[in-house]
Amino acid sequence: LRKNVEDFTGPRERSDLGFVTFDITADILNGKNGLQTFIFDWNVKQLFLYLSAEYSTKNNALNQVVLWDKIMLRGDNPRLSLKDMKSKYFFFDDGNGLKGNRNITLTLSWNVVPNAGILPLVTGSGHVSVPFPDTYETTKSY
Amino acid sequence: GAAMDLFGDLRRMNKRQLYYQVLNFAMIVSSALMIWKGLIVITGSESPIVVVLSGSMEPAFHRGDLLFLTNFHDDPIRAGEIVVFKVEGRDIPIVHRVIKVHEKGNGNIKFLTKGDNNEVDDRGLYKEGQNWLEKKDVVGRARGFLPYVGMVTIIMNDYPKFKYALLAVMGAYVLLKRES
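Residues numbered from 1 in each chain as written. Chains lettered and ligands numbered in written order. Predicted model: local features only at pLDDT ≥ 70, side-chain atom pairs only at ≥ 80, totals over all residues. Heavy atoms only, no water.

Moving on, we come to the overall build of chain A. From N to C terminus, chain A includes zero helices and 12 strands. Relative to its 142 residues, chain A shows a buried fraction of 48%. Long-range pairs, those at least 24 residues apart, make up 66% of the contacts in chain A between residues at least 6 apart in sequence. Working note: accessible area of chain A is about 7800 Å², and carbon and sulfur atoms make up 52% of it. (Helix = DSSP H or I, 4+ residues; strand = E, 2+ residues; numbered from the N terminus. Buried < 20%, exposed > 50% of the residue type's maximum accessible area, 1.4 Å probe, protein only. Contact = heavy atoms within 4.5 Å. Areas by Shrake-Rupley, 256 points an atom, 1.4 Å probe, with all protein chains shown as cover.)

A word on the packing of aromatic side chains. Each aromatic ring pair is summarised here by two numbers: the centre-to-centre distance and the angle between the ring planes. By the definition in use, this model includes six aromatic pairs over all chains. Measuring from ring centre to ring centre gives 5.8 Å for Tyr55 of chain A and Phe91 of chain A, while their planes differ by 55°; the resulting arrangement is tilted. One end of the pair, Tyr55 of chain A, is in strand 6 (residues 44-55); the other, Phe91 of chain A, is in strand 9 (residues 91-92), and 36 residues separate them in sequence. Residues Tyr55 of chain A and Phe91 of chain A agree in their burial class; the two are buried. Aromatic pair Phe61 of chain B and Phe145 of chain B: ring centres 5.2 Å apart, planes at 50°, arrangement tilted. Here Phe145 of chain B lies in strand 7 (residues 138-146) and Phe61 of chain B lies in the loop between strand 1 (49-51) and strand 2 (66-70), a separation of 84 residues in the sequence. Across this residue pair, the class does not change: Phe61 of chain B and Phe145 of chain B are buried. Cation over ring: Arg97 of chain B sits above Phe48 of chain A, and NZ or CZ is 3.7 Å from the ring centre. Across from the ring centre of Trp132 of chain B, 4.7 Å away, lies the NZ or CZ of Arg123 of chain B, which sits over that ring. (Phe/Tyr/Trp six-rings, centres within 6.5 Å; stacked < 30°, edge-to-face > 60°. Lys NZ or Arg CZ within 6 Å of the ring centre and 35° of its normal.)

What follows is the structure in structure tokens.
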């Protein structure tokens, strides 16, 4: 589902705005050294999870847009089972590169925030490709 | 008592000893500065260690936490990374997360940031008419973190008397310390 709407949050030009709904089923684990262990070890304070869309367009070789994020604190269940989620943030392209774009990859990643120490960024294994249609959706009221 | 001993020490210290102590002190300061400069070179960042000043990245970082940065030229800027940037014309470094990236084939990159604890993105913080940040605005990327330790610098900033008192105590200690 995609509309062409004026990007009122930024530059005053018409850019593509994408609407994506998604389900997330994930088990966040620590995959160090090929072994999968519980993610909240003694030095993990929280995880900052985010779903990002990555794609390329005529205008830009690489685009990344964070659609949704969630803070998972130590003590929360590292298993996610979310259905019918709408993106938290507007999926505006820098231009009109969403129309007809068949290759938008959604990946779930997370930033590990330790009690003290290194701040790694981890990308989950598994990703989803989302194709956008060739036409815009027009509605009378927005 | 102890006060009389202190005065005794001061009188007994002749000029040579005083110069020696001053040189010792200067050496310590120079070494510290060299380590700092070394860090700037190794990390590629003009400010390899920064103190978190606001609560806009809570609950991950709180005011007073310390962040360790790198700023390698070839490190790409990617969504989800925590960057420290300065808005053109302003001195205060801001620590927020990258939420949008648009990179051209030639490496030209523009990105948008937002504090985890903020409702809206940082466009309101950028310069008038500026909608994106560029590589040149980046001071570094947060690679490591230590809680609370930076509180000392915040206290020294907010209470200058504390800073002077601390410097006076440090100076007195170094000058009066006897090498046995």
